[in-house]
Amino acid sequence: MNDSQPPSPAGAGEQPLRIALYPGTFDPITNGHVNIIERGLHLFDRIIVTVAVNVQKTPLFTLEERMDMIRQCFPGSDRVAVGYTDGLIVDYALRQGAQTIIRGLRAVSDFDYEFQLALMNRRLERSVDTVFLMTGFRWIFISSSGIKNAARCKGKITGLVPEHVERALQEKFA
């Protein structure tokens, strides 16, 4: 179901790894997402960026393309893994040994929706916490849907997404 490996158990006297999931559709990953992951690495030993399959959405990129774009953002990193799930995030978190779900916030309007998700996840599995991280101010206005709309209309998205993502969007809308 995913390509990330569960953590190895801590030996005697070792602290267990602090593992977090960062779920989303990532269609595509933006510099705002990358910022959240990089900042999350200051709090967690490992982050599993989890592409959540949402049957209510029709993504531009395939699951494999999205996972590959995320991997390309963190080449050679043993602290960032990429996985996917088509089930409950909290169930996936438990299978991966993650104790925390990271959710990114851009504006106050995001909070209501994210708070409802966090409460539902907490109700489903009390051992998994949710942590909210604000994206950096320079990324606060961007969203994957906004990026796709701009790219579809041949707008300049340089600097808003990683270079390989910009190229992939240009190819999709050529």
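To keep things clear, this report deals only with the structure shown in the data block. (Residues numbered from 1 in each chain as written. Predicted model: local features only at pLDDT ≥ 70, side-chain atom pairs only at ≥ 80, totals over all residues. Heavy atoms only, no water.)

Scanning the protein from N- to C-terminus turns up six helices and five strands. Along its sequence from the N terminus, the protein presents helices and strands in the succession β-α-β-α-β-α-β-α-β-α-α. Taken over C-alpha atoms, the radius of gyration comes to 16 Å for the protein, in line with the 16 Å a tight globule of 174 residues would show. Overall, the protein is about 55 × 35 × 30 Å in size when its C-alpha atoms are taken along their principal axes. A total of 174 residues make up the protein; the buried ones form 45% of that total. Expressed as a percentage of contacts within the protein between residues at least 6 apart in sequence, the contacts between residues at least 24 apart total 77%. Split by element, the accessible area of the protein, about 9,700 Å² in all, is 54% carbon and sulfur. The centroid of the 20 positive side-chain charges in the protein is displaced by 4 Å from the centroid of its 19 negative side-chain charges. (Helix = DSSP H or I, 4+ residues; strand = E, 2+ residues; numbered from the N terminus. Rg over C-alpha atoms; globule rule 2.2 N^0.38 Å. Buried < 20%, exposed > 50% of the residue type's maximum accessible area, 1.4 Å probe, protein only. Contact = heavy atoms within 4.5 Å. Areas by Shrake-Rupley, 256 points an atom, 1.4 Å probe, with all protein chains shown as cover. Lys, Arg positive; Asp, Glu negative; His and termini not counted. Charge placed at Lys NZ, Arg CZ, Asp CG, Glu CD.)

We now examine the packing of helix α2 (residues 63-73) against helix α6 (residues 163-172). To describe two helices that pack against each other, one gives the angle between their axes and the distance between the axes. Close contact between α2 and α6 brings their axes to 10 Å; oriented N to C, the two are set at 150 degrees. Between α2 and α6, the interaxial angle falls into the category roughly antiparallel. Contacts between α2 and α6 involve Glu65, Met69, Gln72 and Cys73 from the former and His164, Val165, Ala168 and Lys172 from the latter. By residue class, the composition of the contact of α2 with α6 is four nonpolar, two polar and two charged. (Axes fitted to C-alpha atoms, helices over the stretch in contact; angles between N-to-C directions. Parallel < 35°, antiparallel > 145°, perpendicular 65-115°, else oblique. Nonpolar A, V, L, I, M, F, W, Y, C, P; charged D, E, K, R; others polar.)

With that out of the way, let us pick up the packing of aromatic side chains. Summed over the entire model, instances satisfying the criterion amount to three aromatic pairs. When the centroid spacing of 5.3 Å and the interplanar angle of 75 degrees are considered together, the rings of Tyr22 and Phe26 count as edge-to-face. Both residues of the pair, Tyr22 and Phe26, count as buried. Every member of this aromatic cluster is reached through a ring pair, and the members are Phe111, Phe115 and Phe132. (Phe/Tyr/Trp six-rings, centres within 6.5 Å; stacked < 30°, edge-to-face > 60°.)

Here five strands make up an open sheet; going across it, the order is β3-β2-β1-β4-β5 and the pairing parallel. In this open sheet, the two edge strands, each paired with only one partner strand, are β3 (80-85) and β5 (129-134). Averaged over all pairs of adjacent strands, the angle between strand axes in this sheet comes to 30 degrees, irrespective of strand direction. Here strand β2 (residues 46-52) pairs with β3 via six bridges, running parallel. Counterpart to Thr50 in the pairing with β3 is Gly83. Each of β1 (19-24), β2, β3, β4 (100-105) and β5 touches helix α1 (residues 31-40); the most contacted strand, β5, lies at about 120 degrees to it. Helix α4 (residues 108-124) contacts β4 and β5 of the sheet and is inclined by roughly 170 degrees relative to β4. (Pairing = 2+ DSSP bridges.)

A grouping of Leu88, Met120 and Leu124 is seen on the molecular surface, where their side chains present a nonpolar patch of about 280 Å² in accessible area. Relative to the helices and strands, Leu88 resides in the loop between β3 and α3 (89-96). Overall, the relative accessible area of 42% leaves Leu88 in the partly exposed class. (Patch = residues over 30% accessible without salt bridge, like charges linked within 9 Å, V, L, I, M, F, W, Y side chains within 5 Å. Salt bridge = Lys/Arg side-chain N within 4 Å of Asp/Glu carboxyl O.)

Along the chain, Asp27 connects to Pro28 via a cis peptide bond; the corresponding omega equals 0 degrees. Residue placement: Pro28 occurs in the loop between β1 and α1. One non-glycine residue, Phe26, adopts positive backbone phi at about 50 degrees. Tracing the sequence through the fold places Phe26 in the loop between β1 and α1. Even without glycine at this site, Lys154 takes up a positive phi of about 65 degrees. Position of Lys154 among the secondary structure elements: in the loop between α5 (144-152) and α6. Take Lys154: its relative accessible area is 58%, and that puts it in the exposed class.

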